[in-house]
Amino acid sequence: MTLPAALIATPVDAERAAELRRVKWLATGVLAATFVIFIAAKTLLPVHPLFGFIAAFAEAATIGGLADWYAVVALFKRPLGLPIPHTAIIQSNQARIAEKLGEFIENNFLESGPVEAKLREIDFGSFIADWLRDRKRSEDLARFVLRMLPEAFAATESSGLMQFISRRVTTQVLAIDLAPLAAGALRGFVQEGKHGGLLDDILRVLHQTLTQQETMAVIRDKVRAEMPTLLRLYRADKFVVNRIIASATKFFEEVRNDPQHPFRGEFDRMLLSFVDRLGSDKAFADRIDGLKRDLMARPELANLGRTVWANVKDFIERSASGESQVLQHQLARMLVEAGDALDGDADLRGEINQGLVAILRTVVAEQKSGVSGFIADQMKSWDMEQLISLIEVNVGKDLQYIRFNGALIGGLAGLALYTLEYTLRLL
C-alpha cells in the first residue's frame, strides 16, 4: 500500500514509512526463502534423510508465514482483493470502532476521579505567578488589553449597553434606603469615639470665627442695636461683646481640654438621639429620599458622567495608539506586582489551584460526552485509506513481525511433528 503524502509529511513519518516498507519486503523475502528451501529439500530428500527435517521445517514455516500474512492483511483490507468473509476488518467496522473508542476515552480518561487527580498535579497558581512576574509577558498582556479596550468601549456605546447600565445603576441607587445606612454609619462613628475629634474641630472653628474682626464687628452692631441709647453712649456694646467672646473662648477651651466635660456627654446624647430619629423617623427618611432623587435628577450629574466617560475613552484610545505610555506602564507594573504578591502568598495560590480544579473538573464532566461524540464523529468521517494508512504507519512494523514469528513457530512445530513421526517409524 502506498501511504498518502499527508501522513508522511514530517521526517519522522517518512522514516517510519520507509522502515515499514523495508520490514514488509524482508517478511516477504523470508516467506519466499522458506518456500524455495521447501522445494529444494523435497527434491534432495532421496539423497539423505536430513533433508526431510529441513523440508518439514520449511514447509511448516511457509504455511505459518502465509497464515500470518493473511491475518495481517485481513486486518486492513481483503487479501488479493477477494471478497472473503471477515476480512478488511477495520473498514467493515469503522463506525463501531469509532463509537467504542469514544466510549473508551470517555469512561477511562475523562472520568472525574482521574481528571481531578491529574489536575491537582498542576500548580496553576505558581504558573500564573511566574507568567505575570515576567516583565515582557506582562507588558505584552497590558498592550493586548489596551488594544482591546477601545473596541470594547465602542461596542458598549453602539450596543446600548451603556444606557442599560446607566438605567440599572440609577434604578438601584434610587431603590437604596439611605436613612438606615446613614444612621448605621453615624452610630458606628459615635461608638468608635471619632465624634470627639469632630467636636474639637467644631469648637476650634467656632473659636476662630468668633475672634475674627469681621465677626466681632457684626456681633457688636447687633448688640448696639438692642441696647438703650444711654448705654450706647458709654460704649457698653464693646464691653458686652468682649465679655461674650471671652466667655465663649473659655468655654471652648474647657471642653477641648477636658475629655470628661459634661458638654461632651450632652453632645453624645444629642448625636445618638439624632441617629435614632434618622433611623426611625419617616420624615427624615422622606427628606433624605427627596434629596437623593433631586440629586439624581440633576442634569449636571448626567453631564458629569458623560464627561468622565468621554475623558476616559479618549485617554484609553491615546494609550492604545501608543501616544501615551503611562497607562500601559502602570498596567504592566500592576501585573508584575500581582505576580510577585501571588508568588509570596501560598494560601492564595492554593485557593487558585482549588478553584481552577473545581472549574475544569466540572467543565470536563459536562463536556466529556461531547468529546467522545466528537472523536467518534471524526473517526467516522475519516477516509478509510487514510485511516488504515495512519494505523499501519504507526503499528504496521510490529504487525509485520507477526509474520516472522509465524514462520518461526510454524517451522519449529512442523519440525517437531516430523521428528515425532520419523521416530515412530523407526520403532
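1. Examining the overall build of the chain
Counting secondary structure elements, the chain contains 19 helices and 0 strands. Out of the 427 residues in the chain, the part that is buried amounts to 26%. In the chain, 71% of the contacts between residues at least 6 apart in sequence involve partners at least 24 apart. Carbon and sulfur atoms make up 63% of the accessible area of the chain, which totals about 27800 Å².

2. Description of helix H17 (residues 326–343)
Between the first and last C-alpha of H17 there are 26 Å, a value that for 18 residues agrees with the 26 Å anticipated at 1.5 Å per step. Every buried residue belonging to H17 is among Gln328, Ala332, Leu335, Val336, Gly339 and Leu342, and all of these are buried. Angular distribution of buried residues about the axis of H17 spans 125°; they occupy a single face of the element.

3. Things to note about the UniProt feature "transmembrane region" (unreviewed entry) in the chain
When the UniProt feature table is mapped onto this chain numbering, "transmembrane region" (unreviewed entry) sits at residues 25–45. A distance of 30 Å separates the end C-alpha atoms of residues 25–45, which is 90% helix and 0% strand.

4. A few points about the pattern of salt bridges
Within the structure shown, the criterion is met by 13 salt bridges. Put simply, Glu103 and Lys100 hold a salt bridge, and the shortest N to O gap is 3.7 Å. Note that Glu103 and Lys100 are positioned in helix H4 (residues 94–108) at a spacing of 3 residues, about one turn of the helix. Exposure remark for Glu103: the relative accessible area of 36% places this residue in the partly exposed category. In this structure, Asp130 engages Arg133 in a salt bridge whose closest nitrogen and oxygen atoms are separated by 3.8 Å.

5. Brief notes about the side chain of Asn353
One can find Asn353 in helix H18 (residues 346–381). Within the structure, the side chain of Asn353 is placed 3.0 Å from the side chain of Asp123, a separation counted as a polar contact. With sequence-adjacent residues up to four places away left out, Asn353 is seen in contact with Ile122, Asp123, Phe124 and Gly125.

6. Quick word on the side chain of Asp68
Its location among the elements puts Asp68 in helix H2 (residues 50–76). Nearest to the buried, unbridged Asp68 among oppositely charged side chains is Arg403, at 7.9 Å. For Asp68, the side chain forms a polar contact with the main-chain nitrogen of Gly406, separated by 3.3 Å. Among residues more than four places away in sequence, those in contact with Asp68 are Ile402, Arg403, Asn405 and Gly406.

7. Some details on the nonpolar core
Of all hydrophobic cores here, the largest spans 8 residues; its members are Val190, Leu199, Leu203, Ala248, Phe252, Val255, Phe267 and Leu271. Counting only elements with at least two residues in this core, the list comes to helix H10 (195–210), helix H13 (236–257) and helix H14 (262–280). Per-element accounting of this core gives the leading share, 3 residues, to H13. Ignoring sequence-local partners within four residues, the contact set of Phe252 consists of Leu203, Leu206, His207 and Leu210.

8. Details of the environment of Asp345
Note on placement: Asp345 falls in the loop between H17 and H18. C-alpha of Asp345 to C-alpha of Ser126: the two residues are 219 residues apart in sequence and 9.9 Å apart in space. A distance of 3.0 Å separates a polar atom in the side chain of Asp345 from the backbone nitrogen of Leu348.

9. Quick notes on the packing of aromatic side chains
The full count for this structure, using the stated rule, is 4 aromatic pairs. Relative to Phe404, the ring of Tyr401 lies with its centre 5.5 Å away and its plane at 45°, an arrangement referred to as tilted. Of this pair, Tyr401 and Phe404 both sit in helix H19 (residues 384–426), 3 residues apart, which is roughly one turn of the helix. A ring pair is formed by Tyr418 and Tyr422, whose centres lie 6.3 Å apart and whose planes are at 25°; its orientation type is stacked.

Reading guide: rules and limits
- Sequence order sets the numbering: in each chain, residues are counted from 1 along the sequence as written.
- Note on the predicted model: pLDDT of at least 70 is required for a residue's local features to be given, and 80 or more for side-chain atom pairs to be given and counted; whole-chain, interface and lining totals, by contrast, use all residues.
- The side-chain quantities take in all heavy atoms of the structure and omit both hydrogens and water.
- A run of H or I in DSSP counts as a helix once it spans at least four residues, and a run of E counts as a strand once it spans at least two, with each numbered from the N terminus.
- Classification of residues uses two cut-offs on accessible area relative to the type maximum, computed with a 1.4 Å probe and protein chains only: under 20% is buried, over 50% is exposed, and between them is partly exposed.
- Every residue pair with non-hydrogen atoms within 4.5 Å of one another is taken to be in contact.
- Every accessible area reported is derived by Shrake-Rupley at a probe size of 1.4 Å, with residue values counting cover from the shown protein chains alone.
- Expected helix span is taken as 1.5 Å per residue step, with the number of steps being one fewer than the number of residues.
- Within this analysis, the arc is defined by the directions that extend from the helix axis to the C-beta atoms.
- UniProt positions are given in the numbering used here, feature names are shortened, and annotations may be inferred rather than shown by experiment.
- Any carboxyl oxygen of Asp or Glu within 4 Å of a side-chain nitrogen of Lys or Arg constitutes a salt bridge here.
- A 3.5 Å cut-off defines polar contacts: any pair of N or O atoms within that distance qualifies, except that in protein one atom must be a possible hydrogen donor and the other a possible acceptor, and neighbouring residues in sequence count only when both atoms are side-chain atoms.
- Only four residue types enter the charge count, namely Lys and Arg as positive and Asp and Glu as negative; His and the chain termini do not.
- Put simply, a nonpolar core is a bunch of buried Ala, Val, Leu, Ile, Met, Phe, Trp, Tyr and Cys residues held in one set by side-chain atoms that sit within 4.5 Å of each other.
- The criterion for an aromatic pair is that two Phe, Tyr or Trp rings (for Trp, the six-membered ring) have centres within 6.5 Å, with stacked assigned to planes under 30 degrees apart, edge-to-face to planes over 60 apart and tilted to the rest.

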